[in-house]
Amino acid sequence: PAETPAVTASGSAPVELPRYDRAGIRTGIVHFGLGNFHRAHQAMFLDRLLALGEGNEWGICGVGVMPGDARMRDVLAAQDSLFTLVLKSGTGELDARVIGSIHDYRFAPDDREAVLAELTAETTRIVSLTVTEGGYRLPEEGTENPLGVFDLIVTGLARRRAAGTVPFTVMSCDNLPGNGEVARGVILEAARRRDPELAAWIAENVAFPSSMVDRITPVTTDADRALVRDTFGVEDAWPVVAEPFVQWVLEDHFTAGRPALEKVGVQLVSDVAPYEKMKLRLLNASHQGMAYFGLLLGHTFAHEATTDPRIVAFLHRFLAESRPTLDPVPGIDLDDYVNTLFERFTNPAIADTLNRLATDAGSRIPTFVLPTIVDNIAAGRDVTFGAALVASWVFQLERDGHAQPAQTEIEHNLTALAAKLEAEPRAIIEYAPVFGDIATHDAFVTPYLATLEALRRDGAAATLDALNGSAE
Ligand code: NAD
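As the structure is a prediction and not an experimental result, all values here were calculated from the model.

**A word on the sheet that holds strand E2 (residues 27–32)**
Part 1 of the reasoning: The strand order across the open sheet formed by five strands is E6-E3-E2-E7-E8, and the pairing between neighbours is parallel. The open sheet is flanked by strand E6 (102–107) and strand E8 (169–172), the only strands paired with a single partner. Going from strand to strand, the sheet's axes swing by 25° on average, the running direction of each strand aside.
Part 2 of the reasoning: In the packing of helix H2 (residues 42–51) onto the sheet, contacts are made with E2, strand E3 (59–64), E6, strand E7 (126–129) and E8, and the angle to E2 comes to roughly 165°.

**Observations regarding the site of the ligand**
Part 1 of the reasoning: Taken together, the neighbourhood of the ligand is formed by 21 residues, with Phe 37, Asp 69, Glu 133, Asp 174 and Asn 175 sitting nearest.
Part 2 of the reasoning: The separation between an oxygen atom of the ligand and a polar side-chain atom of Asp 174 is 2.7 Å.
Part 3 of the reasoning: In terms of residue class, the shell around the ligand is made up of eight nonpolar, eight polar and five charged.

**Examining the packing of aromatic side chains**
Part 1 of the reasoning: In total, this model carries eight aromatic pairs according to the counting rule given.
Part 2 of the reasoning: Taking the centre distance of 5.8 Å and the plane angle of 50° together, the rings of Phe 314 and Phe 385 count as tilted. Of this pair, Phe 314 sits in helix H11 (residues 309–322) while Phe 385 sits in helix H15 (residues 384–400), placing them 71 residues apart in sequence. Each of the two residues, Phe 314 as well as Phe 385, counts as buried.
Part 3 of the reasoning: A ring pair is formed by Trp 393 and Phe 435, whose centres lie 6.1 Å apart and whose planes are at 20°; its orientation type is stacked. One end of the pair, Trp 393, is in helix H15; the other, Phe 435, is in helix H17 (residues 432–435), and 42 residues separate them in sequence.
Part 4 of the reasoning: You can call Phe 435 buried: its relative accessible area is 4%.
Part 5 of the reasoning: Taken together, the ring pairs connect Phe 293, Phe 314, Phe 318 and Phe 385 into an aromatic cluster.
Part 6 of the reasoning: One residue, Arg 71, lies across the ring of Trp 238, its end atom 3.8 Å from the ring centre.
Part 7 of the reasoning: One residue, Arg 344, lies across the ring of Phe 245, its end atom 3.7 Å from the ring centre.

About the criteria used
- Residues numbered from 1 in each chain as written.
- Predicted model: local features only at pLDDT ≥ 70, side-chain atom pairs only at ≥ 80, totals over all residues.
- Heavy atoms only, no water.
- Pairing = 2+ DSSP bridges.
- Helix = DSSP H or I, 4+ residues; strand = E, 2+ residues; numbered from the N terminus.
- Axes fitted to C-alpha atoms, helices over the stretch in contact; angles between N-to-C directions.
- Contact = heavy atoms within 4.5 Å.
- Near = heavy atom within 4 Å.
- Polar contact = N/O pair within 3.5 Å; in protein donor to acceptor, adjacent residues only side chain to side chain.
- Nonpolar A, V, L, I, M, F, W, Y, C, P; charged D, E, K, R; others polar.
- Phe/Tyr/Trp six-rings, centres within 6.5 Å; stacked < 30°, edge-to-face > 60°.
- Buried < 20%, exposed > 50% of the residue type's maximum accessible area, 1.4 Å probe, protein only.
- Lys NZ or Arg CZ within 6 Å of the ring centre and 35° of its normal.

Given below as C-alpha cells:
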C-alpha cells in the first residue's frame, strides 16, 4: 500500500516520524469512534509509548459504525493508517508528528463479522470509546441495531464468555461524569435485554475504568491540510490539529492488563471523580458559557468570545458560582487551573468554533451545566449565572435552532419546544429528558426567566452588562 502521508522534500519545517517498527505492531486495543479527539489524545499517548520501544502489543484498530465514518476508512486505508498531529501554541509555534499507533480500521456497515473478529481475538484486551456524549443512549427496548456500538461490544463479550476467553476492559474516554460507570450501565442493560446471565457475568468480570480526558481538538479544516502540506511537506487528507495542553487521568482498573501509560504522562489514580468533576464543571461548562453568548454577540471562534470582556466577566462569575460544588482535587491548585483555562481558550491558533461547542447541547447542557445548578440549589446557594447560561442556550436555540437539521430525537423535540417559547416560556425547561425536575425549583426558574426575557427585550450585550454589573 502507498505509504502516505507522503513526506516530500519540500517541507521547510521538520516533522517527527515514527522511528519504531510498525510492522511489529499487533492490535491490543479496539477503538470505537475514531475521530479527531482520539487521534490527538489516546493514539498520541500510545505513539509515545511505541517511541520508547514498548507497547507493540497495544496497537489500535479503529472501528466506525456511523455512515459518515466511511471517509475515515478510506483516508486511513490510503495512508497506511498514518496521520499528522500538529500542536499549535498561542504564540504561533508549531509541532508536527506523524502518529503510527493506529494500524488498522474496520467499518462495521461493510463487515460486521470483521468487527466481531477483532472483539473476540484473545489479543484484544481493551475496547475504548469516544462516541460522543449522545452515543451512550440505547435504542428503545425491542428495537435492534446490530451495528450499534453496544450491540457489537455485548456480542463480542458473549462470544468471549462462550469461548472461555478473558474479557476485555471497556474504557470510555468521552466527556461524561463517571464515564466508566455510564458505559457499564449501558452495556449491562444491553446485555440484560439479551440474557440476564450474560449481564451478571459482565458485571462480575469486566472492568470499566473511568477517565478524565482533556485536549481541545477542533474539526480539521482545508487550511489545516494546506498548512501540513506547505509547512511540513506532508500530503495528508485528514491531519489533526490540537492545542499543546494534554491531560489524561485514568482509573487504574483493568480486566486483562494495560499499556504502561504511566511512562508517557498519563496519571493513573484510584479515584478519577474529583478530576472529572473539575474538568466538566470548569472547562466544559465554560465552553457552553462562551458558545451561546458568543454566537449571540456575533463571534465565530472561542478565542474571540474569550477575549470579549463581557464574556470574560460572565465566565468568571459563572466559575465562581461553580467552584463551591467541587471536591478537593489532589495535586491541583484551582486558581492556576482556571488561569490556564483562559490561556487555552484564548489560543488563536486553535480556532475552535463556537458552532462546534454548541453542537449536541441537549446532551451537553445536562452533562456539564445542570449538575452544578442542582448542587447549588440543594446547598441553598445562588444560581443566577448558571441559569443565565441555560437561558443563553435556549434563546439561541429559539433564534437559530431551525437553521440546522435535528440529528437526534431530543434535538428534534427541543427545536419544536423552542417554537412555542413565546407563549410558554417554561416550555423547554419542563422537558424532563433534558431538565429532570429542575423547573420545579423557583431558585432556578426565576433567574432563568429573567435572563430569557432580558435577552429578548434588550439583546445579549445589554443582558450581559446587567448580569456582570449585578451586586457581588
Ligand atoms: P469527531 O466528530 O471527530 O468524532 C466522533 C466520532 O464518534 C466519529 O467517529 C463518529 O462517527 C462517532 N460517533 C458519533 N456518534 C456516535 C454514535 N451514536 N455511535 C457510535 N459512534 C458515534 O469528534 P471528536 O472531536 O473526536 O470528539 C468525540 C468525543 O470525544 C466528544 O464527544 C467528547 O466526548 C470527547 N472529547 C473531545 C474533545 C475535543 O476537544 N474534541 C476533548 C475531550 C473529549
